[in-house]
Amino acid sequence: MVETFKRFSQRYCQCNVLDAFLICLLTASLFCPPFVCVGPAVAVLVRFFCTKKIFQGALRLPGAVALMAFGLLMLLVTCVRGEGFNIIVALGIVASLMVGLYFRQVMTLPMFHTCLDIFCIGGAATGLYGLIEKLMHWGVPGFRGPSMFLNPNYFALMMVFVCICAVVQLVQSDHWYLYATVLVLGLTGIVMADGRAALITGAVCILLALVLLKQWRLAHILFFVHRSLMLFPNLLIRLEGVSVSADLQHRIMIWKAAIKGFLQSPVFGQGAWMFEKVCTPLYAGLYEVHAHNLFFEILLMSGVVGTSLIGGYVLTMVRDLTRMYRLKHVALFAVPGICTLCAVTLHGLLDVAIVFPQTGIAMFLLVSCIGIYDKLSEEEKQGFLQRHLKIIDKVEIPR
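Residues numbered from 1 in each chain as written. Predicted model: local features only at pLDDT ≥ 70, side-chain atom pairs only at ≥ 80, totals over all residues. Heavy atoms only, no water.

**Q** Can you help me understand the overall build of the protein in this one?
**A** Counting its secondary structure elements, the protein contains 18 helices and 0 strands. Considering the protein as a whole, with its 399 residues, one finds that 52% of them fall into the buried category. Put simply, 75% of the contacts in the protein that link residues at least 6 apart link residues at least 24 apart. (Helix = DSSP H or I, 4+ residues; strand = E, 2+ residues; numbered from the N terminus. Buried < 20%, exposed > 50% of the residue type's maximum accessible area, 1.4 Å probe, protein only. Contact = heavy atoms within 4.5 Å.)

Structure below.
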């Protein structure tokens, strides 16, 4: 068994055997029932902190110090202001940040390619399970299946990530029909979860991926399908009884409460998952556990200082992903990272599903493609193409 995985690692991952095993195990566990991923994540953290080469290398990554400072600040504030559950949430967020640094430090191009395939397999399985779950509860009013996740919104966001992976693999693989099936199951999962924000996010990110991959014909087909489905909005998603104005007014009240809570401690924030404790009492009849907006949630959680730190790290990722996309031989793998950041931003306008371990680790896994760029020499990094890309090269994995 060990020898078999060693051969697998040498052929498909081209990194340390233990790192390959941990990453593959953690990626697969993201599509298991909630909190199964905690065990592999703890193993990754032990590997991260106990391996001097990996830890010191991660500290030298662009923006890594700012990311770690954000996590430590948020954890410290939560310990001071929060209670037991808040501290557990803060520890989970810090753990996800550290796992993200580990991914970025050890990631290789073949390893990332393998992770995308595992992601597609897991996404297809959970999307199919979500469909079966929906059929089993057919006729139950308002039922939203969570599949293998704690919440339907987490399920829907994970399916958006799966769709992004499927599009990237579909374009560059000879077995395109397999990834097309994954894409259909991913979209089915979003519909089964009745995720309105996720459906819009998925459509935008799939279109963005096709544009970045220069697949104009597929992009035009998707745009036509999207415009056609808009003529029948009730066909796919729950709109009956939905009042856009009432829903928007409720969200505005939530955001106002979040801003007021932030202004009570604007420098360092209130700590993790403190909306219910700090902001709910500000408005009568407001029963929410988070701010329903990722930016407001981060402001409330870590204040101006923490938001500036995490914002600085995100800007360095955007910069490096943009540069990576301009390098033809690795441009393909910049697309999942770019589209994932887009998905988190769009979905984060109305929800904060990304703070859950499964979705958070999945996001860091997909943006860890930057680790491929980090390992390029300075000469390669400076060798940007001065013209627009016309063709994205297919990936050739050395055998």
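**Q** Looking at this structure, I do not really get helix α5 (residues 64–81). What am I missing?
**A** In an α-helix there are 3.6 residues to a turn, and that puts residues three or four apart on one side. Across its 18 residues, α5 extends 26 Å between first and last C-alpha, which sits within 8% of the 26 Å expected from 1.5 Å per residue. Considered for burial, the residues of α5 that qualify are Ala64, Leu67, Met68, Phe70, Gly71, Leu73, Met74, Leu75, Val77 and Thr78. Buried residues along α5 sit against α4 (52–59), α6 (84–106) and α14 (294–325). (Expected span 1.5 Å × (residues − 1).)

**Q** When you look at the packing of helix α15 (residues 334–347) against helix α16 (residues 357–367) in this model, what are you seeing that I'm missing?
**A** Pairs of packed helices are described in terms of their axes, by the angle between the two and the distance that separates them. Direction vectors running N to C along α15 and α16 enclose 145 degrees, while the axes themselves pass 8 Å from each other. Of the residues in α16, those touching α15 at Pro336, Gly337, Thr340, Leu341 and Val344 are Met363, Leu366 and Val367. Partitioned by chemical class, the residues of the contact of α15 with α16 number 6 nonpolar, 2 polar and no charged. (Axes fitted to C-alpha atoms, helices over the stretch in contact; angles between N-to-C directions. Nonpolar A, V, L, I, M, F, W, Y, C, P; charged D, E, K, R; others polar.)

**Q** Which parts of the structure should I look at to understand the pattern of salt bridges?
**A** Close approach of charged atoms allows side chains of opposite charge to pair. Inspection of the entire model under this criterion finds 6 salt bridges. The closest approach of N and O atoms between Asp194 and Lys134, which form a salt bridge, is 3.7 Å. Taken as a pair, Asp194 in the loop between α9 (176–192) and α10 (196–212) and Lys134 in helix α7 (residues 109–136) lie far apart in primary sequence, 60 residues in all. Exposure class is identical for Asp194 and Lys134. Each is buried. (Salt bridge = Lys/Arg side-chain N within 4 Å of Asp/Glu carboxyl O.)

**Q** Honestly, the packing of helix α2 (residues 17–29) against α6 in this entry has me stumped. Any pointers?
**A** Where α2 contacts α6, the two axes come as close as 11 Å, and the packing angle between them is 130 degrees. The angle between α2 and α6 places the two elements in the oblique class. Between α2 and α6 lies a crossing whose hand is left-handed. Residues Asp19, Leu22, Ile23 and Leu26 of α2 form the contact with α6, whose own contacting residues are Val99, Tyr102, Phe103 and Val106. When grouped by side-chain class, the residues that make up the contact of α2 with α6 number 7 nonpolar, no polar and 1 charged. (Parallel < 35°, antiparallel > 145°, perpendicular 65-115°, else oblique. Left-handed = near helix turned anticlockwise from the far one by under 90°.)

**Q** What's the story with the packing of aromatic side chains in this structure? I'm lost.
**A** To describe a pair of aromatic rings, you give the distance between the ring centres and the angle between the ring planes. As enumerated under the stated definition, the model contains 12 aromatic pairs in all. When the ring of Tyr154 is compared with that of Phe356, the centres are 4.5 Å apart and the planes differ by 15 degrees; the resulting orientation is stacked. With Tyr154 in helix α8 (residues 152–172) and Phe356 in the loop between α15 and α16, the pair connects residues that are 202 residues apart, well separated along the chain. Classification of Tyr154 by relative accessible area gives buried; the value is 13%. Since its relative accessible area comes to 8%, Phe356 is described here as buried. Through a chain of ring-to-ring contacts, the aromatic side chains of Phe35, Tyr154 and Phe356 assemble into a single cluster. (Phe/Tyr/Trp six-rings, centres within 6.5 Å; stacked < 30°, edge-to-face > 60°.)

**Q** Looking at this model, I keep getting lost on the state of the cysteines. Mind explaining?
**A** Where two cysteines share a covalent bond between their sulfur atoms, that bond is called a disulfide. A complete count under the given rule lists 0 disulfides for this structure. Between Cys369, a cysteine without a disulfide, and Cys339, which holds the nearest cysteine sulfur, the sulfur-to-sulfur distance is 10.0 Å. Judged by relative accessible area, Cys369 falls into the buried class, the value being 0%. (Disulfide = S-S within 2.5 Å.)

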